[in-house]
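So the chains spell out like this:
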Amino acid sequence: MDLFSRSWTALRAAVGDLSGQDMERPSGCTGWLVRDLVCHLIIDAQDVLITLVTPADTEPTADSVTYWDLVEPPTGDDPLDALIPRLAAAYGEPRLLKFHFDDVGSAAGRAAELADPSARVSTQDKVLTAGDYLSAYNMEWTLHHLDLIAHLPGAAGPPAETLAAARASLEKIAGARFPAPFSDTDALLIGTGRRAATDAEKAALDGDLAAKLPLVLG
């Protein structure tokens with residue numbers, strides 16, 4: 001849960017620093033501008049609020065790592081993916097989008113701090129403890145922080161400890177470790193297909209791991 005708070009606080013601060021021009025830049029999510037990604041984060045924050053008040057009375061079926069499913073790379077045909085840019089554009093002014101994000105984001109942060117980590121919650125047909133659910137979101141916040149700043153030179157990145165934790169989770173999902181010389185950021189970007197590996201990086205990757213990439217999380 002501490003990782004959730006650290007990664008979410010850093011991501012909210014990064015959004016708060018965005019200018020109107022920044023909002024119109026591409027993000028690391030193919031086909032989405034930064035404003036579209038911020039709109040997606042509002043929906044993510046709403047999901048956190050909904051899940052934390054959706055109790056379950058059965059045993060957990062997933063933890064912070066098995067929460068994630070491996071899915072096919074997005075094609076752009078998903079109705080929700082197409083809806084996000086229209087929703088973002090409907091705000092009109094960047095300050096309104098940032099205000100809504102800060103409002104809902106603050107509420108999600110407070111709800112996480114107040115949650116009982118041992119309580120069981122239900123989401124996406126899975127049952128997790130609240131602690132595992134919030135820990136899983138470190139991956140979401142960290143990857144989207146990298147997406148947010150992909151074309152914003154000089155912008156602050158995710159905290160080192162949340163990057164390291166996200167890398168460790170991705171390695172558990174992959175069942176293999178990325179080469180030690182890979183930075184946590186490079187391991188996450190290459191591992192999830194956010195950037196292509198260089199020839200030298202491809203040569204360093206274990207053959208079994210290379211065959212599994214990219215790991216698209218859903």
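So, how was this worked out
- Residues numbered from 1 in each chain as written.
- Predicted model: local features only at pLDDT ≥ 70, side-chain atom pairs only at ≥ 80, totals over all residues.
- Heavy atoms only, no water.
- Disulfide = S-S within 2.5 Å.
- Buried < 20%, exposed > 50% of the residue type's maximum accessible area, 1.4 Å probe, protein only.
- Helix = DSSP H or I, 4+ residues; strand = E, 2+ residues; numbered from the N terminus.
- Pairing = 2+ DSSP bridges.
- Contact = heavy atoms within 4.5 Å.
- Phe/Tyr/Trp six-rings, centres within 6.5 Å; stacked < 30°, edge-to-face > 60°.
- Lys NZ or Arg CZ within 6 Å of the ring centre and 35° of its normal.
- Axes fitted to C-alpha atoms, helices over the stretch in contact; angles between N-to-C directions.
- Parallel < 35°, antiparallel > 145°, perpendicular 65-115°, else oblique.
- Nonpolar A, V, L, I, M, F, W, Y, C, P; charged D, E, K, R; others polar.
- Salt bridge = Lys/Arg side-chain N within 4 Å of Asp/Glu carboxyl O.
- Core = buried A, V, L, I, M, F, W, Y, C linked by side-chain atoms within 4.5 Å.

1. Some points on the state of the cysteines
Alright, step 1. Counted according to the given criterion, the structure contains 0 disulfides.
Alright, step 2. Among the cysteines around C29, which has no disulfide bond, C39 carries the closest sulfur, lying 12 Å off.
Alright, step 3. Classification of C29 by relative accessible area gives buried; the value is 14%.

2. Digging into the pairing of strand β1 (residues 120-123)
Alright, step 1. Burial along β1 is one-sided: the face carrying V121 and T123 is buried and the face carrying R120 and S122 is not.
Alright, step 2. Hairpin connection of β1 to strand β2 (residues 126-129): 2 residues between the antiparallel strands, including Q124 at a positive phi of 50°.

3. Brief notes about the environment of A187
Alright, step 1. Within the secondary structure layout, A187 lies in helix α8 (residues 184-191).
Alright, step 2. Each C-alpha atom of the pair A187 and P74 lies 20 Å from the other, and the pair is 113 residues apart in sequence.
Alright, step 3. Apart from residues lying up to four places away in sequence, A187 is in contact with R167, L170, F178 and F182.

4. Things to note about the packing of aromatic side chains
Alright, step 1. One pass over the structure, following the stated rule, counts 8 aromatic pairs.
Alright, step 2. The interplanar angle of 65° and the centroid separation of 5.9 Å between the aromatic rings of F4 and W141 together place this pair among those described as edge-to-face. Remark: W141 occurs in helix α6 (residues 130-148) and F4 occurs in helix α1 (residues 2-16); sequence separation between them is 137 residues.
Alright, step 3. Residue classification places F4 among the buried residues on the basis of a relative accessible area of 0%.
Alright, step 4. Each residue in the set F4, W8, Y67, W68, F101, Y133, Y137 and W141 is aromatic and connected to the rest through ring pairs, giving one cluster.
Alright, step 5. Here K126 stacks its cationic end above the ring of Y67, 5.9 Å away from the centre of that ring.

5. Side note on the packing of helix α3 (residues 34-52) against α6
Alright, step 1. Their axes nearest at 11 Å, the elements α3 and α6 cross at an angle of 175°. Taken together, the axes of α3 and α6 lie roughly antiparallel to each other. Contact with α3, carried on its side by V34, L37, V38, H40, L41, D44, A45, D47, V48, T51 and L52, involves A130, Y133, L134, Y137, E140, W141, H144, D147 and L148 of α6 and no other residues of that element.
Alright, step 2. Grouping the amino acids of the contact of α3 with α6 by side-chain chemistry returns 13 nonpolar, 3 polar and 4 charged.

6. Remarks on the pattern of salt bridges
Alright, step 1. This structure, assessed with the given rule, holds 14 salt bridges.
Alright, step 2. R6 serves as the salt-bridge partner of D2, at 3.0 Å between the closest nitrogen and oxygen. Of this pair, D2 and R6 both sit in helix α1, 4 residues apart, which is roughly one turn of that helix.
Alright, step 3. Taking relative accessible area as the criterion, D2 reaches 46% and is therefore assigned partly exposed.
Alright, step 4. Residue classification places R6 among the partly exposed positions, given a relative accessible area of 40%.
Alright, step 5. One salt-bridge network, in which partners are shared between bridges, spans D2, R6 and E161.

7. Digging into the nonpolar core
Alright, step 1. Of all hydrophobic cores here, the largest spans 61 residues; its most connected members are V38, V48, Y133, M139 and L148.
Alright, step 2. Of all the secondary-structure elements, those providing two or more residues to this core are α1, α3, α4 (79-90), α5 (94-114), α6, α7 (160-174) and α8.
Alright, step 3. With 10 residues, α6 is the single largest residue contributor to this core.
Alright, step 4. When neighbours within four sequence positions are excluded, V48 is seen to be in contact with F4, A108, Y133, L134, Y137 and W141.

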